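Spelled out from the first residue to the last, the chains are:
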Amino acid sequence: MNNKDKAIGVFDSGLGGISVLKDLVQSMPNERFIYFGDSANAPYGIKTKEEITQRCVEIIDFFLEKGVKAIVIACNTATSAAANILREKYLHIPIIGMEPALKVAAEGQNKNTIVVMATPLTLKEDKFNNLMSKYDDNNTVIKMPCPELVNIVENDLLDDKEVVHNQLKYYYKDLNMDKIDSVVLGCTHFVFYREYMESLLNESINIVDGNLGTTNHLKEILREGNELRDNDEEGSVEIYNSSNDERFIKLSQKLLNR
Ligand code: DGL
């Protein structure tokens, strides 16, 4: 098979990466996508780096068997734990990772208060702390670990307004909303909460995520390598999940169409 026609592998610890997949499909409708959700092993945010790396290796090997031209780690946590190791191991394939979009929220800002919602592991790792050190001289950056928001998505409770509102209110209970300028959704599961966040936060608060940046980055890499499929070709999406419970594939479809 010509490299152009190969699929793009997209994976996450579970269903969060579907929020990225959605943007990828919208931006590159002629591509073939293979999504792998590792729901049997979610959440990653409370695992060790080694455990996460091992899972990523297994998932990438699965993609390589299928034949892919690029891989998107649609997970901030897996990127901070394993992206460098994976890029060293799989030299021949582009691996696109994600990080909380703090740069988007903070660049050019002064004395802003920026809340970064992410998993405990993302917030603890050097990758994020190095990024944060570039911006926290001029701004106040508040780390907000939110592991429960991952479980809410994985358990199909995203439409349970009471559960979601209570959880979000709990995270923000000690913060003065009038002092917040931006909120970064630094986990791909959290992108599904955007509307909830808009109703919880003041209208003036800027809510950012890294999905568009990741999409544009992948498109650029494929364009440079002349590996984008032609405009008249039909795209497709195949979804796999490590859990045997069929519910996860149905839930993935539901989130993709949300
Ligand atoms: N969706 C993932 C992220 O972007 C992680 C969720 C998890 O803890 O499994 O960070």
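See the structure above.
Reference entry: report on the structure contained in this document. (Residues numbered from 1 in each chain as written. Predicted model: local features only at pLDDT ≥ 70, side-chain atom pairs only at ≥ 80, totals over all residues. Heavy atoms only, no water.)

**Focus: the overall build of the chain**
- Of the regular secondary structure elements, the chain holds 11 helices and nine strands.
- A compact globule built from 258 residues would reach a C-alpha radius of gyration of about 18 Å, and the chain, at 18 Å, matches this within 12%.
- If one aligns the C-alpha atoms of the chain with their principal axes, the spans along those axes are about 55 × 40 × 40 Å.
- Looking at the chain residue by residue over its 258 residues, the buried ones come to 53%.
- Long-range contacts, defined here as pairs at least 24 residues apart, represent 79% of the contacts in the chain between residues at least 6 apart.
- Accessible surface, the chain: about 12100 Å² in total, of which carbon and sulfur atoms supply 45%. (Helix = DSSP H or I, 4+ residues; strand = E, 2+ residues; numbered from the N terminus. Rg over C-alpha atoms; globule rule 2.2 N^0.38 Å. Buried < 20%, exposed > 50% of the residue type's maximum accessible area, 1.4 Å probe, protein only. Contact = heavy atoms within 4.5 Å. Areas by Shrake-Rupley, 256 points an atom, 1.4 Å probe, with all protein chains shown as cover.)

**Looking at the pairing of strand 1 (residues 7-12)**
- The buried fraction of strand 1 is high, at six of six residues.
- Burial of the side chains of strand 1 extends over both faces: Ala7, Gly9 and Phe11 are buried on one face and Ile8, Val10 and Asp12 on the other.
- Note that strand 1 and strand 3 (residues 68-73) share five bridges and pair parallel. Directly across from Ile8, in strand 3, lies its bridge partner Ala70.
- Here strand 1 runs beside strand 2 (residues 32-37); their pairing, made up of five bridges, is parallel. Across the sheet, residue Val10 finds its bridge partner in strand 2, namely Tyr35.
- Considered for its hand, the β-α-β crossover made up of strand 1, helix 1 (residues 18-27) and strand 2 is right-handed. (Pairing = 2+ DSSP bridges. Right-handed = clockwise from strand over helix to strand, strands pointing away.)

**Focus on unusual backbone geometry**
- Cis geometry marks the peptide bond from Ala42 to Pro43; its omega dihedral reads 0°.
- Positive phi is not limited to glycine here, since Lys111 has a value of about 55°.
- With respect to the element layout, Lys111 can be found in the loop between helix 4 (102-106) and strand 5 (113-118).
- One non-glycine residue with positive phi stands out, namely Asp156, at about 60°.
- Tracing the backbone shows Asp156 in the loop between helix 7 (147-154) and helix 8 (161-172).

**As for empty space enclosed by the protein**
- For the coordinates displayed, the defined rule picks out two cavities of 30 Å³ or more.
- If you add up the space inside the largest cavity, you get close to 60 Å³.
- In terms of residue class, the lining of the largest cavity is built from five nonpolar, seven polar and one charged.
- There is about 40 Å³ of room inside the second largest cavity.
- Here the lining of the second largest cavity takes three residues from helix 11 (residues 247-256), the largest share from any one element. (1 Å grid on protein atoms, 1.4 Å probe; cavity = no way out; pocket = protein on both sides within 12 Å on 5 of 7 lines; lining within 4 Å. Points joined across faces, edges and corners; volume = space filled by probe spheres on them. Nonpolar A, V, L, I, M, F, W, Y, C, P; charged D, E, K, R; others polar.)

**Here we look at helix 3 (residues 76-89)**
- If you check helix 3, its first and last C-alpha atoms are 19 Å apart, about what 14 residues at 1.5 Å a residue would give, namely 20 Å.
- When the local axis directions of helix 3 are compared, the greatest deviation, roughly 65°, occurs at Ala82.
- Every buried residue of helix 3 is listed here: Asn76, Thr77, Ala78, Thr79, Ser80, Ala81, Ala82, Ala83 and Leu86.
- Buried residues belonging to helix 3 abut helix 2 (49-66), strand 3, strand 4 (95-96), helix 5 (120-124) and helix 6 (126-135). (Expected span 1.5 Å × (residues − 1). Bend = angle between axes of the 7 residues up to and from the residue.)

**Observations regarding the sheet that holds strand 9 (residues 236-241)**
- Taken in spatial order, the five strands of this open sheet run 4-3-1-2-9, and their pairing is parallel. Each edge of the open sheet is held by one strand with a lone partner, namely strand 4 and strand 9.
- Packed on one face of the sheet, helix 1 meets strand 1, strand 2, strand 3 and strand 9 and runs near 175° to strand 2.
- Along the sheet, helix 2 makes contact with strand 1, strand 2, strand 3, strand 4 and strand 9, crossing strand 2 at roughly 150°. (Axes fitted to C-alpha atoms, helices over the stretch in contact; angles between N-to-C directions.)

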